[in-house]
Amino acid sequence: DHSWCLDAPRGLLTKEDAKRSNFYEQERQRQELHQSSKDVTLQDFVNSLNVEVDMHQMSTEEIPRVAQLASRTNQFNTTTERRSEDEIAAWPSLESGVLCGGVKDRFGDYGLVVAALRTIAHR
């Protein structure tokens with residue numbers, strides 16, 4: 001009943017990994033609210049969550065999570081390239097930068113869920 005191959009190697013857990021069971025409980029609470037909010041619009045429901053997004057330049061402590069997001073996320077990866085922690089750590093020195101975003105709402109903190117590796121192109 002357990003797939004060890006999906007577990008992160010020791011020492012590579014991020015803060016978000018450590019809080020995963022809390023995330024599931026918070027999501028359950030969101031779903032309960034959504035189910036009980038049948039008479040309100042989706043916009044009103046989302047507004048009731050009091051969502052806050054904090055965008056900022058990547059810090060050194062965030063490098064492992066950014067690498068994790070870069071290796072696991074396909075929806076918005078326009079290059080399909082995967083980046084290692086070392087590559088991501090060097091990224092800000094390449095006349096570019098890494099933007100990160102944390103999201104929270106009335107039920108809790110989603111953690112770091114946005115990472116944008118950008119390059120400034122000169123024409």
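The sections below set out a description of the structure shown in this document. Quantities reported herein were computed from a predicted structural model and do not represent experimental measurements. (Residues numbered from 1 in each chain as written. Predicted model: local features only at pLDDT ≥ 70, side-chain atom pairs only at ≥ 80, totals over all residues. Heavy atoms only, no water.)

The next thing to look at is the pairing of strand E3 (residues 108–119). Note that strand E2 (residues 96–105) and E3 share 10 bridges and pair antiparallel. Looking across to E3, one finds that Gly101 is bridged to Val114. The turn joining E2 and E3, which pair antiparallel and follow one another in sequence, is formed by two residues. (Pairing = 2+ DSSP bridges. Helix = DSSP H or I, 4+ residues; strand = E, 2+ residues; numbered from the N terminus.)

The next thing to look at is the layout of surface pockets. Quantified by volume, the second largest pocket comes out at close to 380 Å³. Along the walls of the second largest pocket sit 21 residues, with Lys15, Glu16, Glu62, Gly111 and Leu112 positioned nearest its centre. When contributions to the lining of the second largest pocket are tallied by element, the ones reaching two or more residues are helix H1 (15–18), strand E1 (52–57), helix H4 (63–72), E2 and E3. Tallied by class, the residues present in the lining of the second largest pocket amount to five nonpolar, five polar and 11 charged. (1 Å grid on protein atoms, 1.4 Å probe; cavity = no way out; pocket = protein on both sides within 12 Å on 5 of 7 lines; lining within 4 Å. Points joined across faces, edges and corners; volume = space filled by probe spheres on them. Nonpolar A, V, L, I, M, F, W, Y, C, P; charged D, E, K, R; others polar.)

We now examine the pattern of salt bridges. Counting across every chain of the model gives four salt bridges. With its nearest N and O atoms 2.4 Å apart, the salt bridge here joins Arg28 to Glu25. In this pair, Arg28 and Glu25 both sit in helix H2 (residues 20–35), three residues apart, roughly one turn of the helix. When its relative accessible area of 37% is taken as the criterion, Arg28 is described as partly exposed. Ionic pairing is found between Arg30 and Glu27, a salt bridge with its closest N-O pair at 3.2 Å. With a gap of three residues between them, Arg30 and Glu27 both fall in helix H2, about one helical turn apart. Judged by its relative accessible area of 5%, Arg30 is buried. On the basis of relative accessibility, which here comes to 31%, the residue Glu27 falls in the partly exposed class. Overlapping salt bridges bring together Glu25, Arg28 and Glu32 as one network. (Salt bridge = Lys/Arg side-chain N within 4 Å of Asp/Glu carboxyl O. Buried < 20%, exposed > 50% of the residue type's maximum accessible area, 1.4 Å probe, protein only.)

This is a description of form; function is not addressed.
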